[in-house]
Amino acid sequence: MTEILVIKNKPNWVIALTFPFVLLLLILIMLVFLPIVSASNTYLLSALDYVFSLIPFLGFFILFLYIWLWNTFGKVILEISPEKINVTNKNKLFNKPKEYLKSEIQKISIVDFGVEQTRYYTRLNYLFSNSNYSITIQKGRETIRIVDWLSHEEAHSILEKINQ
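Below or above, wherever it landed, is the structure these notes cover.

### Some words on the side chain of Asn71
Right, so step 1: With respect to the secondary-structure elements, Asn71 resides in helix H2 (residues 43-73).
Right, so step 2: Within the structure, Asn71 has its side chain in polar contact with the backbone nitrogen of Asn12 (distance 2.8 Å).
Right, so step 3: Residues contacting Asn71, with those up to four places away along its chain left out, are Asn9, Lys10, Pro11, Asn12, Ile15 and Ala16.

### Here's the deal with the sheet that holds strand E9 (residues 142-150)
Right, so step 1: Strands sit in the order E5-E8-E9 across an open sheet of three strands; the sheet is antiparallel. Looking along the sheet, the strands with just one partner apiece sit at the ends: strand E5 (107-112) and E9. Here the strands of the sheet are splayed against their neighbours by 25 degrees on average, with no regard to which way each runs.
Right, so step 2: Bridge analysis of strand E8 (residues 133-139) against E9 gives six bridges, and the strand direction is antiparallel. Paired with Thr136 across the two strands is Arg145, which belongs to E9.

### A few points about H2
Right, so step 1: For H2, which comprises 31 residues, the first-to-last C-alpha distance of 41 Å matches the rise-based estimate of 45 Å (1.5 Å per residue) to within 8%.
Right, so step 2: Along its length, H2 reaches its greatest deviation from straightness, about 35 degrees, at Ile55, and the proline Pro56 lies no more than four positions downstream.
Right, so step 3: Listed as buried for H2 are Ser46, Ser53, Leu54, Phe61, Trp68, Leu69, Trp70, Asn71 and Thr72.
Right, so step 4: As for H2, its buried residues are in contact with strand E1 (3-8), helix H1 (13-38), strand E2 (75-80) and strand E3 (84-90).

### Overview of the nonpolar core
If you look at soluble globular proteins, the nonpolar side chains tend to sit buried side by side.
Right, so step 1: Among the nonpolar cores identified, the biggest contains 22 residues, and Leu78, Ile108, Ile146, Ile158 and Ile162 are the most heavily contacted of them.
Right, so step 2: Looking at this core, the elements that each hand over two or more residues are E1, E2, E3, E8, E9 and helix H3 (152-163).
Right, so step 3: In contact with Leu78, other than residues within four places in its own chain, are Glu3, Ile4, Leu5, Ile7, Ile85, Asn86, Val87, Ile146, Val147, Ile158 and Ile162.
Right, so step 4: Ranked by size, the runner-up nonpolar core spans 10 residues in total, among them Phe19, Leu23, Ile29 and Trp68.

### Thoughts on H1
For an α-helix, the turn length of 3.6 residues means that residues three or four places apart are oriented alike.
Right, so step 1: Counted at 1.5 Å a residue, the expected span for H1 with its 26 residues is 38 Å, and the 36 Å between its end C-alpha atoms agrees.
Right, so step 2: Along H1, the largest kink reaches about 35 degrees and is centred on Ile29.
Right, so step 3: If you check which residues of H1 are buried, you get Ala16, Phe19, Leu23, Leu26, Ile29, Met30, Leu34 and Ser38.
Right, so step 4: Of the surrounding secondary structure, the elements contacted by the buried residues of H1 are H2.
Right, so step 5: The distance from a side-chain oxygen at the start of H1 to the backbone nitrogen of Val14 is 3.1 Å, and the residue carrying that oxygen is Asn12.

### A word on the sheet that holds E1
Right, so step 1: Spatially, the four strands line up as an open sheet ordered E1-E2-E3-E4, and their pairing is antiparallel. Of all strands in the sheet, those bounded by a partner on one side alone are E1 and strand E4 (98-101). Mean inter-strand twist for the sheet, computed between neighbouring axes without regard to direction, equals 15 degrees.

### A short note on the packing of aromatic side chains
Right, so step 1: What the rule picks out here adds up to three aromatic pairs.
Right, so step 2: For the pair Trp68 and Phe73, a centre-to-centre distance of 5.5 Å together with 85 degrees between the ring planes defines the contact as edge-to-face.
Right, so step 3: Residue Phe73 is classed as partly exposed on the basis of its relative accessible area, which comes to 39%.
Right, so step 4: Aromatic rings pair up to connect Phe19, Phe60 and Phe64 into one cluster.
Right, so step 5: The ring of Phe113 is capped by Arg145, whose NZ or CZ atom sits 3.9 Å from the centre of that ring.
Right, so step 6: Note that Arg145 overlies the ring of Trp149, its terminal NZ or CZ placed 5.8 Å from the centroid.

Reading guide: rules and limits
Residues numbered from 1 in each chain as written. Predicted model: local features only at pLDDT ≥ 70, side-chain atom pairs only at ≥ 80, totals over all residues. Heavy atoms only, no water. Helix = DSSP H or I, 4+ residues; strand = E, 2+ residues; numbered from the N terminus. Polar contact = N/O pair within 3.5 Å; in protein donor to acceptor, adjacent residues only side chain to side chain. Contact = heavy atoms within 4.5 Å. Pairing = 2+ DSSP bridges. Axes fitted to C-alpha atoms, helices over the stretch in contact; angles between N-to-C directions. Expected span 1.5 Å × (residues − 1). Bend = angle between axes of the 7 residues up to and from the residue. Buried < 20%, exposed > 50% of the residue type's maximum accessible area, 1.4 Å probe, protein only. Core = buried A, V, L, I, M, F, W, Y, C linked by side-chain atoms within 4.5 Å. Phe/Tyr/Trp six-rings, centres within 6.5 Å; stacked < 30°, edge-to-face > 60°. Lys NZ or Arg CZ within 6 Å of the ring centre and 35° of its normal.

See the structure below:
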């Protein structure tokens, strides 16, 4: 029997409220100001000038849209069946569902990232939130984080449902 868990992303409200205005400003620049600035006597040169000036603005637009959609509307959907776990990140651009076979998984655990240390920095996550826990899968030599930024209670309830 397949069980489906939907875990809502906790939004950063500064990003959720300011990025729509940034996106609208980028659309205004791309559709109004760039054609006016790139207009010249020859159509071929003005079209090429418009295309080359549009590329950086379009890149920033896609980047900001990616961040805003995941932050504001993002969800992780876990489909837990007896033989596999499917992880789908809803409303995240350029992301496909991932499937993990339970026979290949060595260990499923909860990791506390209250103090996150990497080779280059140490980040204190516990200062701003109590949602520091991640559910990780040990598969071979690699550790894969499937669900991030959960509270202690949420992480344990999801881990119990996975282990059933």
